[in-house]
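Chain and residue survey
If you want the building blocks of each chain, they are given just below.
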Amino acid sequence: MILSQLQSFKENSEKITCLTAYDASFAKLFDECGVDVILVGDSLGNVIQGSKNTLSVTMQDMIYHTQAAAKGVQNALLIADMPYQSYTNAEQTLKNAECLMSAGAHMIKFEGGSEYEASFKLLQANNIPVCGHLGLQPQSIVEMGGYKVQGKDEQSAQRILKDAKMLESWGVKTIVLECVPAKLASKISKAISIPTIGIGAGVGCDGQVLVSYDMLGINTGYLPKFVKNFLTGNDSIESAVNDYINSVKSQNFPNDEYSY
Ligand code: KIV
């Protein structure tokens, strides 16, 4: 997918589908099913490495898995996560983002808002497409006091909305909104012209993402409210993925049962 197509989904009111993949086989399967965006998420720390959180994931891990996933992708847009401590200043962010682009990513993603102004601006100046990540930021799990819904009170809701607008003004191409009330995510999605991709953020986002292992019922650890097992009622991984695509495109997922 060329980058401008991502923007045209929003302009044409077509929902964007996104799943995580960490290797060539899953990336190829999702790509062939027609998933629009494939994310090499640092959630690989949980589902591949068996860690309790994403903090132990390294640049080396992300490069390895991005190289693998890139080999399976023909049509989808491939986004790679910047891991914990890999974007502590603008110069380091640029260097590490370039490594992920060289590994085959079409876009990089990192968690955080206005505090990363210099990094967003430097990446834009160097033509590296960026996906933002606001709301719950798993790499700040200690500071955030656990996996909690963000933006529930007026002050934090305003901060997330403001950050989304700032990111848009700094050239960010799309923003993942994680674990925010559906009403807030919908308001943000209307307030900015770039697409939002929600996870636990309701049907009002411009697209949806799930960790593939979660939506295939593979992850036996803690499952948040927003996770639906699409393999239930389907007899193959392909059918489950097609069900997910159809459910997102038709706005049947996520309904209230899977939102805050
Ligand atoms: O790492 C990841 O899989 C993510 C998604 C949860 C959006 O960032």
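What you see is a predicted model, and the numbers here were worked out from it, not measured in a lab.

Let's shift gears to the pairing of strand S7 (residues 196-199). The two faces of S7 match: Thr196 and Gly198 on one face and Ile197 and Ile199 on the other face are all buried. Pairing of strand S6 (residues 174-178) with S7 involves four bridges; the strand directions are parallel. Bridging across to S7, glutamate 178 finds its partner in isoleucine 199. Taken together, S6, helix H8 (residues 182-191) and S7 constitute a β-α-β crossover, and its handedness is right-handed. Two strands pair when backbone bridges link them, and S7 and strand S8 (residues 207-210) are joined in this way by two bridges, in the parallel orientation.

Strand order in the closed barrel formed by eight strands is S1-S2-S3-S4-S5-S6-S7-S8, and the pairing between neighbours is parallel. If you compare each strand with its neighbour and ignore which way they point, the axes differ by 25° on average. Pairing of strand S1 (residues 16-20) with S8 involves four bridges; the strand directions are parallel. Across the sheet, residue threonine 17 finds its bridge partner in S8, namely glutamine 208. With respect to the sheet, helix H7 (residues 154-169) is in contact with strand S5 (130-135) and S6, its orientation differing from that of S5 by roughly 175°.

Turning our eyes to something else, we now look at the packing of H7 against H8. Close contact between H7 and H8 brings their axes to 10 Å; oriented N to C, the two are set at 25°. Classed by the angle they form, the pair H7 and H8 counts as roughly parallel. Both H7 and H8 take part in a crossing whose hand is right-handed. Residue-level inspection shows Ala157, Gln158, Ile160, Leu161, Ala164 and Lys165 of H7 in contact with H8, the latter providing Leu184, Lys187, Ile188 and Ala191. The class makeup of the residues in the contact of H7 with H8 is seven nonpolar, one polar and two charged.

What follows covers unusual backbone geometry. Of the consecutive residues phenylalanine 253 and proline 254, the connecting peptide bond is found in the cis state with omega at 0°. Within the chain, asparagine 127 stands out as a residue other than glycine whose phi angle is a positive 55°. Within the fold, asparagine 127 resides in the loop between helix H6 (117-125) and S5.

On to empty space enclosed by the protein, then. Inspection of the entire model under this criterion finds one cavity of 30 Å³ or more. Counted as a void, the largest cavity has a volume near 40 Å³. Cys18, Leu39, Ile79, Lys109, Cys131, Val176 and Ile197 are the residues that line the largest cavity.

Compared with the 22 Å implied by 1.5 Å per residue over 16 residues, the 23 Å span of H7 between its first and last C-alpha is a close match. Buried residues of H7: Ser156, Ala157, Ile160, Leu161, Asp163, Ala164 and Leu167, and no others. All buried residues of H7 project into a common sector of 160° when viewed along the axis, lining one side. H7 presents Glu154, Gln155 and Lys162 as exposed residues on the side facing more than 90 degrees away from its buried surface. Against the buried residues of H7 lie H6, S5, S6 and H8. The N-cap residue of H7 is aspartate 153: its side-chain oxygen and the backbone nitrogen of glutamine 155 are 3.2 Å apart. Two residues or fewer after H7 comes glycine 171, characterised by a positive phi angle close to 90°.

Cut-offs and rules
Per chain, residue numbering runs from 1 following the sequence as it is written. Under the rules for a predicted model, residues below a pLDDT of 70 receive no local features and side-chain atom pairs below 80 are neither given nor counted, while totals for whole chains, interfaces and linings still include all residues. Side-chain figures throughout are based on the complete set of non-hydrogen atoms in the structure, without hydrogens or water. For each residue, the accessible area found with a 1.4 Å probe, counting protein chains only, is set against the maximum for its type, and the residue is called buried under 20%, exposed over 50%, and partly exposed in between. Runs of E in the DSSP output that reach at least two residues are strands. Runs of H or I that reach at least four are helices, and both are numbered from the N terminus. Strand pairing is assigned whenever DSSP detects at least two bridges linking the two strands. Looking down the strands as they point away from the viewer, one classifies a crossover as right-handed if the path from the first strand across the helix to the second runs clockwise. Only C-alpha atoms enter the line fits that serve as axes; for helices the fit covers just the stretch in contact. Angles between N-to-C directions range over 0 to 180 degrees. The contact criterion used is simple: two residues touch if any of their non-hydrogen atoms lie within 4.5 Å. Note that the term roughly parallel is reserved for angles under 35 degrees, roughly antiparallel for angles over 145, roughly perpendicular for angles of 65 to 115, and oblique for everything else. Rotating anticlockwise by less than a right angle from the far helix to the near helix defines a left-handed crossing, while the corresponding clockwise rotation defines a right-handed one. Lys, Arg, Asp and Glu make up the charged group, whereas Ala, Val, Leu, Ile, Met, Phe, Trp, Tyr, Cys and Pro make up the nonpolar group; the residues left over, Gly among them, are polar. Of the grid points, spaced at 1 Å and generated over the protein atoms alone, those admitting a 1.4 Å probe that cannot get out make up cavities, while open sets with protein on both sides within 12 Å along at least five of seven lines make up pockets; any residue with an atom within 4 Å of a point is treated as lining. Grid points are joined across faces, edges and corners, and a volume is the space filled by probe spheres set on the points. In this analysis, the expected span of each helix is defined as 1.5 Å times one less than the number of residues it contains. This arc corresponds to the set of directions leading from the helix axis out to the C-beta atoms. In protein, a polar contact requires one atom able to donate a hydrogen and another able to accept it; more generally it is a pair of N or O atoms within 3.5 Å, and residues adjacent in sequence count only if both atoms are side-chain atoms.

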